[in-house]
Amino acid sequence: MREAENILLIKGAIPGANGDYVIIRESKKLPKGSPRAQARLKARTAPAVEGKAVKAEGAAAPKAGK
């Protein structure tokens with residue numbers, strides 16, 4: 001990005017028809033090495049606490065084959 005010239009350079013194809021507007025915004029993805037990404041990964045891979053499993057209410061039993 002050339003902030004002094006207020007220009008954003010883009011390499012490659014841009015989706016949409018010719019003449020359409022393009023919205024540029026920040027990504028929702030976090031960089032792999034960032035502390036927030038590492039904390040999120042640890043939270044996802046943490047072992048489940050015993051005794052906290054709950055059966056879904058109203059879950060239908062599997063139907064017999066035809």
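Definitions and limits used
Note that residues are indexed from 1 along each chain, following the sequence as it is written. Given that the model is predicted, a residue must reach a pLDDT of at least 70 before its local features are reported, and side-chain atom pairs must reach 80 or more before they are shown or counted; all residues, however, enter totals for whole chains, interfaces and linings. Think of the side-chain values as coming from all heavy atoms in the structure, minus any hydrogens and water. Helical segments are the DSSP runs of H or I of at least four residues, strand segments are the runs of E of at least two, and each set is numbered from the N terminus. Here's how the labels work: a residue is buried when its accessible area is under 20% of the maximum for its type, exposed when over 50%, partly exposed in between, all with a 1.4 Å probe on protein chains only. The Shrake-Rupley method, run with a 1.4 Å probe sphere, supplies the accessible areas, and residue values consider only the shown protein chains as cover. For patch detection, residues must exceed 30% relative accessible area and be free of salt bridges, and they are connected within 9 Å for like charges or within 5 Å for nonpolar side chains (Val, Leu, Ile, Met, Phe, Trp, Tyr). A carboxyl oxygen of Asp or Glu within 4 Å of a side-chain nitrogen of Lys or Arg is what we treat as a salt bridge.

Enquirer: Could you give an account of the overall build of the chain, naming the residues involved and the relevant values?
Expert: The secondary structure content of the chain amounts to 1 helix and 0 strands. Across the 66 residues that make up the chain, the buried fraction comes to 3%. Working note: accessible area of the chain is about 7,500 Å², and carbon and sulfur atoms make up 55% of it.

Enquirer: Give me unusual backbone geometry: which residues, what numbers.
Expert: We note that Asn6 has phi near 60°; this positive angle belongs to a residue other than glycine. As for its placement among the helices and strands, Asn6 is situated in the segment before helix H1 (35-45). Judged by its relative accessible area of 67%, Asn6 falls in the exposed class.

Enquirer: How would you sum up a nonpolar patch on the surface? Please name residues and give values.
Expert: There is a patch of nonpolar side chains on the surface, built from Leu8, Ile10, Ile14, Val22 and Ile24 and spanning about 450 Å² of accessible area. Tracing the sequence through the fold places Ile24 in the segment before H1.

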